[in-house]
Amino acid sequence: MTTTYAVLSEGLEKRFGEVRALRGLDLAVPRGTVCGVLGPNGAGKTTAVRLLTTLLRPDAGSARVAGHDLVREAAAVRRAIGVTGQYASVDGDLTGRQNLRLFARLHRMRAPNERAAELLERFGLTEAADRPASTYSGGMRRRLDLAASLVRRPEILFLDEPTTGLDPASRGAIWDAVRELKQDGTTVLLTTQYLEEADQLADDIALVDRGLVAHTGSPAQFKAVIGTYVEVVVADPEVLVEAAGVLDRLTGGQPTFDHERGAVGAVTRDTTLTLPRLVRELDAAGVPLLDASIEPPTLDDVFLRLTAEQEQEVAA
Amino acid sequence: MSTLAFDGTAMLGRQLLRVRNNPALVILTQTMPISMLLFFGYVFGSALAMPGAEYRSFLVPGLLVATAANGIMTGMFQAAQDVHRGVTDRLRTLPVSRAAVPVGQAAADVLVTAVGTVPFLLVGLAVGWRIEGSALEAVAAVGLLLLFRFACTWAGIFLGLLTRSEEAAGQLGSATFMLPLLSNAYIPTDNLPGWLRTIAEWNPISALTTALRELFGNAPVPEGAAWPVAHPVAGALAWCAVLLAVFVPLGVRRYARGEG
């Protein structure tokens, strides 16, 4: 059965005792796209993934994953998905190769040994293949986890905080793998606490807050909501006012001063403003610079802004 | 059913690989009953009215059953460890038969126990234990022992999935050590006060131990015992059937349902 959406959930609810982890989650992930589920700790991201991967049963609501009903056709859902998360892990007492061979066998693959070797090669684990997985570094372990969920190419891959706690090189390797999968047409749903990660990988972002999708949009839309923070540090305090004038003209934002550091900053929603242009304009105005930066907003910024807006709406 | 057989075999293979990767752990586990045989056999054996060699023959079946009862602890520990490490959840997201994981674990445990019993029995032979009945009865004794181990492991798997705590499994280790003390595994129950004797003889370990003693021909069935000990083979089979009937469905259901 073909449908437009790889994942489509309506009003998913899950309660753990007194805690309402999900309060009616609506999520629509078109086939072949990467969806970033963004939110702070405790927002319900992991619960959402656990529900959508059949590890938990919803208390209310419904969802179709790969066109199959999550509860009634759980076995069909499991055939279509791959999962990697802090809770869905490989066996540390087995070597990397033994783990992948086991999963290939459970997937009824004809040549489990070859498939294992292929994946070990692809994720740079050939050298460590015959060591117990418990001896792997955090990054290697995460790559093995990812390989394990790709043993038989899934239609939909769920990644729960795939790079939390990883060093930049390992994070880059995971990001590259996600991009490759997307090119092959795999739908990816990944949860993350980092706006940057969602920005790098996702076509669409769903911001989750207290068990609900609070906001959806493209990464650019998200960044536009909050704007980019532009800051320049000048060599001479005398020219701070001139610098502020240039910033005011370029950003249209209200400049704020940090006299101690000799810095002035402003927020802009103009996504076309680049660092070279900023430096040229300041140079032309005769402002001697020590430093200049254009900082994308952090998840904290976006989150505070969007949830504050919601609370205002509720109050109004 | 073929799905269960295939997946169960794969899961059994996984457990055996773990043993192969970590042989020290298994060897250490198997040395425990051997040292107990030597300590109890010679230390307690010297203080009991029964002659030493006779006591050691009496002790071998008791220790076999007591060791088999440890399946509760190992089953629980492994199941809890798998949950804790996320292996259970990874397997639960795969299109794998729901019963295959616990079945594979319990079957592997029985295999490992069967192999581990060999050195123990060799030491038993060295200290005077003998198979005094027929070969067929001896085979039946071993079969009964492994059936009991299988049932105990299932109880452990259920408890492990329920508590999800490796620490709790460790604590249970002390409890399973006590269990054979209140049975006829290490001492005859004939001289216990009436009420205590009844409790001890309704302990599943007593029925199993008596059945093994009878089948190996090591000691006669005691007079005036409670039903499971008076009819040891039927009693032992009944206990195994009860344990399996309770814990196999509970374990499979718990595994399939997860924590939610």
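Please read these numbers as outputs of a predicted model, since none were measured by experiment.

Q: Lay out the overall build of chain A in plain terms, naming residues and giving numbers.
A: Each helix and strand counted, chain A has 11 helices and 14 strands in total. Overall, chain A is about 75 × 55 × 35 Å in size when its C-alpha atoms are taken along their principal axes. Out of the 316 residues in chain A, the part that is buried amounts to 44%.

Q: Give a description of the confidence of the model for chain B that names residues and reports values.
A: When pLDDT is averaged along chain B, the result is 91; 99% of the residues meet or exceed 70. Both scores are available for the predicted complex, with the pTM at 0.84 and the ipTM at 0.86.

Q: Can you tell me about the interface of chain A and chain B, naming the residues and giving the values?
A: Counting residues at the interface gives 25 residues for chain A, matched by 19 residues for chain B. Of all the secondary structure elements, the ones that give two or more residues to the side of chain A that touches chain B are helix H2 (74–80), strand E6 (81–84) and helix H3 (96–106) of chain A. Looking at the side of chain A that touches chain B, its residues break down into 13 nonpolar, 6 polar and 6 charged.

Q: Which residues make up the sheet that holds strand E1 (residues 5–16) of chain A, and what are the values?
A: All names here are of chain A. The 4 strands lie next to each other as E2-E1-E4-E5, forming an open sheet whose pairing is antiparallel. Every interior strand has two partners, whereas the edge strands, strand E2 (19–30) and strand E5 (68–69), have only one. With 2 bridges joining them, strand E4 (residues 60–65) and E5 adopt antiparallel strand pairing. The residue bridging Arg64 from the neighbouring strand is Asp69, located in E5. Its contacts with the sheet place helix H1 (residues 45–52) against E1, E2 and E4, and it is angled at close to 115° to E1.

Q: Account for helix H4 (residues 71–85) of chain B, naming residues and giving values.
A: Every α-helix winds through 3.6 residues per turn, so residues three or four apart in the chain are directed the same way. Residue and element names in this part refer to chain B. For H4, with 15 residues, the first-to-last C-alpha span of 21 Å sits near the 21 Å given by 1.5 Å per residue. If you check which residues of H4 are buried, you get Gly71, Ile72, Met73, Thr74, Gly75, Met76, Phe77, Gln78, Ala79, Ala80, Asp82 and Val83. Those residues of H4 that are buried are in contact with helix H3 (52–69), helix H5 (87–92), helix H6 (100–126), helix H7 (135–163) and helix H8 (166–178). Of the residues trailing H4, Gly86 is marked for its positive phi of about 90°.

Q: Talk me through unusual backbone geometry; I want residue IDs and the actual numbers.
A: Residues and elements named next belong to chain A. The phi torsion at Thr54 lies on the positive side, around 70°, for a residue other than glycine. In this structure, Thr54 sits in the loop between H1 and E4. Residue classification places Thr54 among the buried residues on the basis of 22 C-beta atoms within 10 Å. Residue Ala66 is not a glycine yet carries a positive backbone phi of 55°.

Q: How would you sum up H3 of chain B? Please name residues and give values.
A: Residue and element names in this part refer to chain B. With 18 residues, H3 extends 25 Å from end C-alpha to end C-alpha; this agrees with the ideal 26 Å at 1.5 Å per step. In H3, a bend of some 25° at Leu59 exceeds every other bend along the element, and Pro61, a proline, comes one to four places later. Taken across its 18 residues, H3 has 15 buried, putting it largely inside the fold.

Q: An account of the domain arrangement of chain A is requested, with residue identities and associated values reported.
A: Along its sequence, chain A is organised into domain 1 (5–223) and domain 2 (228–296). Look at where the C-alpha atoms of domain 1 of chain A and domain 2 of chain A centre, and you get two points 41 Å apart.

Q: Could you give an account of the sheet that holds strand E7 (residues 156–160) of chain A, with specific residues and numbers?
A: Residues and elements named next belong to chain A. Pairing within the open sheet is mixed, and its 6 strands lie in the order E6-E7-E8-E3-E9-E10. Looking at strand neighbours, the two that pair on one side only are E6 and strand E10 (212–217), the edges of this open sheet. Neighbour to neighbour, the strand axes of the sheet diverge by 20° on average, direction disregarded. Pairing geometry for strand E3 (residues 34–38) and strand E9 (residues 204–209), over 4 bridges, is parallel. Looking across to E9, one finds that Val37 is bridged to Ala206.

Q: Tell me about the pairing of E2 of chain A, residues and numbers included.
A: Each regular strand displays side chains that alternate between the two surfaces of the sheet. Residue and element names in this part refer to chain A. Relative to E2, E1 is paired through 9 bridges, and the arrangement is antiparallel. From the neighbouring strand, Lys14 faces E2, where its bridge partner is Leu22. Adjacent in sequence and paired antiparallel, E1 and E2 are bridged by 2 residues, among which Gly17 carries a positive phi angle near 60°.

Reading the values: rules and limits
- Residues numbered from 1 in each chain as written.
- Chains lettered and ligands numbered in written order.
- Predicted model: local features only at pLDDT ≥ 70, side-chain atom pairs only at ≥ 80, totals over all residues.
- Helix = DSSP H or I, 4+ residues; strand = E, 2+ residues; numbered from the N terminus.
- Buried ≥ 20, exposed ≤ 12 C-beta atoms within 10 Å, placed from the backbone.
- pLDDT = per-residue confidence, 0-100.
- Contact = placed C-beta atoms within 7 Å.
- Nonpolar A, V, L, I, M, F, W, Y, C, P; charged D, E, K, R; others polar.
- Pairing = 2+ DSSP bridges.
- Axes fitted to C-alpha atoms, helices over the stretch in contact; angles between N-to-C directions.
- Expected span 1.5 Å × (residues − 1).
- Bend = angle between axes of the 7 residues up to and from the residue.
- Domains from an automatic or database assignment.

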